[in-house]
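# Coordinate analysis (summary)
The lines below spell out each chain.
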Amino acid sequence: APAWWEACLALALEFGCGVRPPAPRAARDDLLFSRFPGHARRYAAGDARRRLLAAGVPSPDGLVTRFYDRRATLPGLLAILADTPEGITELMCHPGRVDEQLQRESGYAQARERELYALTSARALQAVARHGIARPTFREAFQRSA
């Protein structure tokens, strides 16, 4: 894992792009990270995070992976939006429309429609506005904070 992470950081620096944080900031933000082996979680939360900061590669302050599969619902999204701290938080999501090709080739197909519905619903957009949450692209977020 360290060699892979170093390669990611080197490529991010070479291409001037950011990377996803190596681990969620808090247990409440996680659904997938907790499934990794213990040594991988320790590396991601410790040395990988320190190397990211030392390298100066742009990265969000936080990562939320709990908007996934059965938890990819409008109520789940509204709870995440209400609990988003100050700073830049990346919400891992995979919205999309399911067609025959996606159905054949992806183990994660039907939930994409639920994600798309939740992310584009009027209630979610109202919550974004109510909580003062901006939705910049990666480039916009880090041009402002650089």
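Residues numbered from 1 in each chain as written. Predicted model: local features only at pLDDT ≥ 70, side-chain atom pairs only at ≥ 80, totals over all residues. Heavy atoms only, no water.

## Brief notes about the overall build of the chain
Scanning the chain from terminus to terminus reveals seven helices and two strands. For the chain, the succession of helices and strands along the chain, N to C, is α-α-β-α-β-α-α-α-α. For 146 residues, the compact-globule estimate of 2.2 N^0.38 gives 15 Å, and the C-alpha radius of gyration of the chain, at 16 Å, lies within 12% of that figure. Dimensions of the chain along its principal axes, counting C-alpha atoms only, are 40 × 40 × 30 Å. Among the 146 residues that make up the chain, the fraction classed as buried is 36%. Of the contacts formed within the chain by residues at least 6 apart in sequence, a portion of 71% connects residues at least 24 apart. (Helix = DSSP H or I, 4+ residues; strand = E, 2+ residues; numbered from the N terminus. Rg over C-alpha atoms; globule rule 2.2 N^0.38 Å. Buried < 20%, exposed > 50% of the residue type's maximum accessible area, 1.4 Å probe, protein only. Contact = heavy atoms within 4.5 Å.)

## Some remarks on unusual backbone geometry
Positive phi values are uncommon outside glycine, yet Asp-69 reaches one of about 55°. Among the secondary structure elements, Asp-69 is positioned in the loop between strand 1 (62-64) and helix 3 (74-82).

## Considerations on the state of the cysteines
Evaluation of the coordinates by the stated rule reveals zero disulfides. No disulfide involves Cys-8; its sulfur sits 9.4 Å from that of Cys-17, the nearest cysteine. (Disulfide = S-S within 2.5 Å.)

Everything listed here is a matter of coordinates, which is why it stays silent on function.
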